[in-house]
Amino acid sequence: MQKKILGVAALVLLACSPAVWLWWPGAFGEALLAFCWRGGALMGAAWLAYDDIQRLPGWLLIGLPLVLVALIRWPKLLLVVIPLLILCEIVRRVGRTPQ
């Protein structure tokens, strides 16, 4: 049911964007138009990826956006995060080797 709601929301937002463009000129109309386009695209992407998202662990769905926001806010964290990710991958692979 939730996948259908995402699809309908995406279609409604994308279908409303031409109406907003035609009937609401000005700053409010531009903001509403941007919301319709971006929200519709985001809902459409979520609709397409819904089955794959269901398989992700819950902590990842919360943690990944927080990490992305932190990296956008403080880009110098990339100098620390990238080597840590590489180190985590190396440790994970070494831990998996059969004995």
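Here the structure is a predicted model, which means the values were calculated and not measured. Residue positions within a chain follow its written sequence, with the count starting from 1. Only residues with pLDDT of 70 or above have their local features reported here, since the model is predicted, and side-chain atom pairs are shown and tallied only from 80 upward, although totals for entire chains, interfaces and linings are computed over all residues. Heavy atoms throughout the structure, all of them, feed into the side-chain values; hydrogens and water do not.

Think of it this way: any DSSP run of H or I at least four residues long counts as a helix, any run of E at least two long counts as a strand, and we number them from the N terminus. When you go through the protein residue by residue, the secondary structure sums to five helices and zero strands. Listing every helix and strand of the protein by position from the N terminus yields α-α-α-α-α. Both definitions apply: the radius of gyration is a C-alpha atom measure, and the globule rule equals 2.2 Å times residues to the power 0.38. Since a compact globule built from 99 residues should have a radius of gyration of about 13 Å, the 20 Å found for the protein marks it as more spread out than a globular shape. Per-residue burial over the protein gives 14% buried out of 99 residues. When checking whether two residues touch, look at their non-hydrogen atoms; a contact exists if any pair is within 4.5 Å. Within the protein, contacts between residues separated by at least 24 positions form 47% of all contacts whose residues are at least 6 apart in sequence. Here, Shrake-Rupley sampling with a 1.4 Å probe gives the accessible areas, and only protein chains in the shown set may cover a residue. Of the roughly 8400 Å² of accessible surface on the protein, a fraction of 76% belongs to carbon and sulfur atoms. Side chains of the protein give 9 positive and 4 negative charges; the mean places of these two sets differ by 7 Å. Categorising residues by exposure relies on relative accessible area from a 1.4 Å probe, with only protein chains included: less than 20% of the type maximum marks a residue as buried, more than 50% marks it as exposed, and the intermediate range marks it as partly exposed. Residues counted as positive are Lys and Arg, residues counted as negative are Asp and Glu, and His and the chain ends are not counted. Note that the charge is assigned to NZ on lysines, CZ on arginines, CG on aspartates and CD on glutamates.

Here, a salt bridge means any side-chain nitrogen of Lys or Arg that lies within 4 Å of a carboxyl oxygen of Asp or Glu. Inspection of every chain in the model, using the stated rule, returns four salt bridges. Lys3 is the partner of Asp51 in a salt bridge, and the nearest nitrogen-oxygen pair spans 3.5 Å. Here the residue Asp51 occupies a position in helix H3 (residues 50-54), and Lys3 occupies one in helix H1 (residues 2-23), the gap between them amounting to 48 residues. Note on Lys3: relative accessible area 27%, which makes it partly exposed. Among the ionic pairs, Arg93 bridges to Glu89, the shortest N-O distance being 2.8 Å. Residue Arg93 and its partner Glu89 are located together in helix H5 (residues 78-96), separated by four residues, close to a single helical turn.

Time to look at the state of the cysteines. We call a pair of cysteine sulfur atoms a disulfide whenever their separation is within 2.5 Å. Taken as a whole and assessed by the stated rule, the structure comprises zero disulfides. Just so you know, Cys16 is unpaired, no disulfide at all, and the nearest cysteine sulfur is the one on Cys36, 5.8 Å from it.

Another aspect to go through is the packing of aromatic side chains. We call Phe, Tyr and Trp rings a pair once their centres come within 6.5 Å, taking the six-membered ring for Trp, and we label the pair stacked below 30 degrees between planes, edge-to-face above 60, and tilted otherwise. For the structure on display, the rule yields zero aromatic pairs. Directly above the aromatic system of Trp47 lies the positively charged group of Lys3, at a separation of 5.6 Å from the ring centroid. Note on geometry: a ring has a charge over it if NZ (lysine) or CZ (arginine) is within 6 Å of the ring centre and within 35 degrees of the ring normal.

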